[in-house]
Amino acid sequence: MLPFRDKVVEVESKDRIAQPVTKWWNVWEKHPTRLWMYSVLGLAAICWVAFLWHLGSTGLVDETEPLFAEAARQMTVTGDWITPYFNEETRFDKPPLVYWLMAIGYHLIGVNEWAVRLPSAMSAIALTVLGFYTLRYFGISRPRTLVDENSTELEDTSKLVNPERQRWLSAAIGATLIALNPITLVWARTGVSDMLLSGCMGTALLSFFIGYVQGETRRQEAGAQDSRHRREGKPLLGFASGWYLAFYILIALAILAKGPVGIVLPGLIIGAFLVYLGKFWQVVREMRLFWGLGIIGVLAIPWYVLVTLANGEDYIEKFFGYHNIERFVGVVNHHWAPWYFYFLVVLVGFAPWSCYLPLAIARLRFWQVNRWRSSPRASQLGLFALCWFAGVFGFFTIAVTKLPSYVLPLMPAAAILVALLASDLLTYPRPQRLWGLRLSAGFNVILLGVIAGAIWYSPNFIGYDPAALNLSETLQASGLPLRGGILWGMAAVAAVIALCRRRGWRWLGTINLVAFVAFIILVVSPAAFLLDQERQLPLRELSAIAAEVNQPSEELVMMGFEKPSVVFYAERSVNYFDEEHKFIAYIEDIAKIEPNPPSTLVLIESKRFNRLKEEWLKPSEYTIIDNKGAYHLIRVTKQVIAHKL
């Protein structure tokens, strides 16, 4: 083994490898105010591109998004902010926080797509900003040593490394990865409760960690003033700088966003983290858990009590029974998947950064328990992120019902893990010893090539969609798949060229980022407009026309398909019939009750309308109001109702 002085020289020589990073840091270190200013501007740019750019420029997407949007609109119409309704029926799928936020948005900026999606976008922005802040102050990958990578010695090198530079790098990289990954981009721009849960839970966990670190500082200060408090393990006065208090408030909001999972998952994550470190009861006393549970109860429980009093067992059975317990222990709505499902979801949903997750986890050396327990709290963010990642991943892998959005809350943890790895490599590069980095870089190149091929051939993967019959041909004609394939193909080639150069691994992150942002701007955004035009715009336009031409006592019927967006855009209740004979029986019943039966507006697929004309309707018995895309809007007259009696 080298003498200690030789080790210092070795580390200093390795540090000189990263000359571009060093030069960058030497310039900005002299101007901290400018560094903060440009960081804020960079955060704003990332959040704008990822979450706000064209946020409300496309219509709501069936099936799920309009359900939330209409339930929120109903709150503004009825004034009932306790029981959510959709199409005159109770909707107990989710708690009310997302509906409340959307309804507030309706009051502020009107009933539109912006108001529907803004809660998700703001949740993602808050998570990105707090992630940047946390990494800026605690973005150290692991307790550092001066010994060989394969050694287990624990010599402290805090005076020999440059932690400040690594923290800035961690913050910049981490915030970028929190925002710019596929699954976060999708759900942050969708008006449902998934991103709201992820935002509340993620900011709660980050708040806990900041409070946890500051709690050590306050404990040391208190111990210096009064050793008896430290010896007896008494809690510090107040919450640590308010961060524990913020944690409890955000947990309450997570419960109001998604239900019990909003406290169960953070509890499992934090519990595992503290048990691993042997600090469970110490931190529980420090954070005043019982006071915190009281705060959570005061904020979260009242709505559950009120909605139960208003709806009784119906609410309990549907929300707690069906949408929570049954989803965990059984398959709901045919959402079954094999045990390895979330490995694929993380690989694709966090691409292309997912290539480096195994290496980022291995670099933590989480099996060295004594090393982590003896380290200061400020250096434990990597371990906390690992518990966060594993907790969410394991919980939903055990659950029987599986959906891609379920692992959305682990994406910030994945981003933190990869950011800590990247900042560590850029600050203290040891590529000659990191065979894992070579494997990850090689897999990165392969993944870029696979993405290029998948995008290129994506029109062939599109199945039959009655809402957009020619979507595959239209997408192919747009040239977007070719553009996306070329873009990712160029990224793969650039990655190969970079790896052929000395220390070229440093450029892989930049190549991935440039390709990802270019793909969003040049391919994803135009594709979203194309998909909206082909699939959602016809329904949206016909729904608006139905609202305009509606006559008194005239019902609106969907025949053969059920699209919640019609209810939202028509701003009225809609009856649904899957078969013609059911509709016939329904209007016959109306005619028996009404002496002058009203006409009925029918929104029907064009293919079914042609069959309806042949088998049932005569030209004099209906009026075509308009047709858009795959749909017709017709009015079935009073004469046909009387004729069928």
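Remember, predicted model here, so these are calculated numbers, not experimental data.

Draft legend 1. Seen up close, the overall build of the chain. Regarding its fold elements, the chain presents 28 helices and 7 strands. Put simply, the chain has 645 residues, and 54% of those count as buried.

Draft legend 2. Spatial organisation of the pairing of strand β6 (residues 622-628). As judged from the 6 bridges shared by β6 and strand β7 (residues 631-636), these two strands associate in the antiparallel manner. When the bridges of β7 are listed, Lys628 appears paired with Tyr631. If you look at the hairpin formed by β6 and β7, you'll find 2 residues sitting between the two strands, and Gly629 has a positive phi there, around 55 degrees.

Draft legend 3. Looking closely at the sheet that holds β7. Strand order in this open sheet of 5 strands is β4-β3-β5-β7-β6, and the pairing throughout is mixed. With partners counted over all chains shown, the strands left at the sheet margins are β4 (575-577) and β6, one partner each. Each strand axis lies, on average, 25 degrees off the axis of its neighbour in the sheet, ignoring direction. The sheet contacts of helix α24 (residues 508-549) involve β3 (555-559), β5 (600-605), β6 and β7, and relative to β6 the element is tilted by about 140 degrees.

Draft legend 4. Geometry of the packing of helix α5 (residues 97-109) against helix α6 (residues 113-138). Where α5 meets α6, the closest approach of the two axes is 8 Å, and the angle between their N-to-C directions is 135 degrees. Taken as axis vectors, α5 and α6 run oblique relative to one another. You can see that α5 and α6 cross each other, and the crossing is right-handed. For the pair α5 and α6, the contacting residues are Leu101, Met102, Gly105, Tyr106 and Ile109 in the first and Trp114, Ala115, Val116 and Pro119 in the second. When grouped by side-chain class, the residues that make up the contact of α5 with α6 number 8 nonpolar, 1 polar and no charged.

Draft legend 5. Representation of the packing of aromatic side chains within the structure. Per the stated rule, a full pass over the model turns up 34 aromatic pairs. Seen from their ring centres, Trp339 and Phe343 are 6.1 Å apart, and the 80 degrees between their planes marks the pair as edge-to-face. Judged by relative accessible area, Trp339 falls into the exposed class, the value being 60%. Relative accessible area serves as the criterion here: at 47%, Phe343 is assigned to the partly exposed category. Seen from their ring centres, Phe561 and Tyr631 are 5.0 Å apart, and the 45 degrees between their planes marks the pair as tilted.

Draft legend 6. Layout of a nonpolar patch on the surface. Together, Trp48, Leu101, Ile104, Leu108, Ile109 and Trp114 make up an exposed nonpolar region whose accessible area comes to about 570 Å². The biggest single contributor to the nonpolar patch is α5, with 4 residues. Mapping Leu108 onto the fold places it in helix α5.

Draft legend 7. Expanded view of the pattern of salt bridges. Per the stated rule, a full pass over the model turns up 13 salt bridges. Measuring nitrogen to oxygen at the nearest pair gives 3.1 Å for the salt bridge that ties Lys563 to Glu63. Of this pair, Lys563 sits in the loop between β3 and α25 (564-570) while Glu63 sits in the loop between α3 (32-52) and α4 (64-78); the two residues are 500 residues apart in sequence, bridging distant segments of the chain. Overall, the relative accessible area of 10% leaves Lys563 in the buried class. For Glu63, a relative accessible area of 36% puts it in the partly exposed group.

Draft legend 8. The arrangement of the environment of Val418 in detail. Looking at where Val418 falls in the secondary structure, it is placed in helix α20 (residues 411-427). For the pair Val418 and Trp353, spaced 65 residues apart in sequence, the C-alpha to C-alpha distance is 7.4 Å. Among residues more than four places away in sequence, those in contact with Val418 are Leu177, Phe350, Trp353, Tyr356, Leu357 and Ala360.

Draft legend 9. Looking closely at the nonpolar core. Phe51, Phe208, Tyr212, Phe273, Phe384, Trp388 and Trp488 are the most contacted members of the largest nonpolar core, which has 152 residues in total. In terms of residues, this core owes the most to one element, helix α9 (residues 194-225), which gives 13 residues. Aside from chain neighbours lying at most four places away, what touches Trp488 is Leu448, Ile451, Ala452, Ile455, Ala515, Phe516 and Phe519. In terms of nonpolar packing, the next biggest core, distinct from the first, is built from 19 residues, Phe86, Ala467, Met558 and Phe561 among them.

Draft legend 10. Structural view of the confidence of the model for the chain. Across the chain, pLDDT averages 83, with 83% of residues at or above 70. Across the chain, α6 holds the top mean pLDDT of 96, while helix α1 (residues 4-15) sits lowest at 41. A low-confidence stretch, residues 1-18 stays under pLDDT 50, and its non-local contacts, those more than four residues away or across chains, total 29 contacts.

Draft legend 11. Inspection of the packing of α6 against helix α7 (residues 163-179) at higher detail. At a minimum axis distance of 7 Å, the contact between α6 and α7 shows a crossing angle of 160 degrees. With respect to their mutual orientation, α6 and α7 come out roughly antiparallel. α7 is crossed by α6, and the crossing has right-handed handedness. Taken together, the residues of α7 that come into contact with α6 (itself represented by Leu127, Thr128, Gly131, Phe132, Leu135, Arg136, Tyr137 and Phe138) are Glu164, Arg167, Trp168, Ser170, Ala171, Ala172, Gly174, Ala175, Ile178 and Ala179. A per-class count over the contact of α6 with α7 returns 11 nonpolar, 4 polar and 3 charged.

Draft legend 12. The arrangement of helix α23 (residues 480-499) in detail. The end-to-end C-alpha distance of α23, which contains 20 residues, comes to 29 Å, matching closely the 28 Å that a straight helix rising 1.5 Å per residue would cover. All of the buried residues along α23 are Leu480, Pro481, Gly484, Gly485, Leu487, Trp488, Ala491, Ala492, Ala495 and Ala498. Each buried residue of α23 lies within a common arc of 160 degrees when the element is viewed along its axis, so the set occupies one face. α23 presents Met490 and Ile497 as exposed residues on the side facing more than 90 degrees away from its buried surface. Contacts made by the buried residues of α23 are with α21 (435-456), α22 (471-478) and α24.

Draft legend 13. Summary view of the side chain of Ser193. Turning to its location among the elements, Ser193 is positioned in the loop between α8 (182-188) and α9. At 3.5 Å, the side chain of Ser193 forms a polar contact with the side chain of Lys258. Among residues more than four places away in sequence, those in contact with Ser193 are Phe68, Lys94, Val98, Ala257 and Lys258.

Draft legend 14. Seen up close, the side chain of Asn181. Here Asn181 shows up in the loop between α7 and α8. Excluding its chain neighbours within four sequence positions, the residues that come into contact with Asn181 are Gly349, Phe350, Trp353, Met411 and Phe516.

Draft legend 15. The arrangement of the pairing of β5 in detail. Counting buried residues along β5, 6 of its 6 residues qualify, which places the element largely inside the surrounding structure. A two-sided burial pattern is seen for β5, the buried positions comprising Thr600, Val602 and Ile604 on one face and Leu601, Leu603 and Glu605 on the other. Taken together, the 5 bridges between β3 and β5 define a ladder with parallel strand orientation. Across the sheet, Met558 pairs through a bridge with Leu603, a residue of β5.

Rules used throughout
- Residues numbered from 1 in each chain as written.
- Predicted model: local features only at pLDDT ≥ 70, side-chain atom pairs only at ≥ 80, totals over all residues.
- Heavy atoms only, no water.
- Helix = DSSP H or I, 4+ residues; strand = E, 2+ residues; numbered from the N terminus.
- Buried < 20%, exposed > 50% of the residue type's maximum accessible area, 1.4 Å probe, protein only.
- Pairing = 2+ DSSP bridges.
- Axes fitted to C-alpha atoms, helices over the stretch in contact; angles between N-to-C directions.
- Contact = heavy atoms within 4.5 Å.
- Parallel < 35°, antiparallel > 145°, perpendicular 65-115°, else oblique.
- Left-handed = near helix turned anticlockwise from the far one by under 90°.
- Nonpolar A, V, L, I, M, F, W, Y, C, P; charged D, E, K, R; others polar.
- Phe/Tyr/Trp six-rings, centres within 6.5 Å; stacked < 30°, edge-to-face > 60°.
- Patch = residues over 30% accessible without salt bridge, like charges linked within 9 Å, V, L, I, M, F, W, Y side chains within 5 Å.
- Areas by Shrake-Rupley, 256 points an atom, 1.4 Å probe, with all protein chains shown as cover.
- Salt bridge = Lys/Arg side-chain N within 4 Å of Asp/Glu carboxyl O.
- Core = buried A, V, L, I, M, F, W, Y, C linked by side-chain atoms within 4.5 Å.
- pLDDT = per-residue confidence, 0-100.
- Expected span 1.5 Å × (residues − 1).
- Arc of directions from axis to C-beta.
- Polar contact = N/O pair within 3.5 Å; in protein donor to acceptor, adjacent residues only side chain to side chain.

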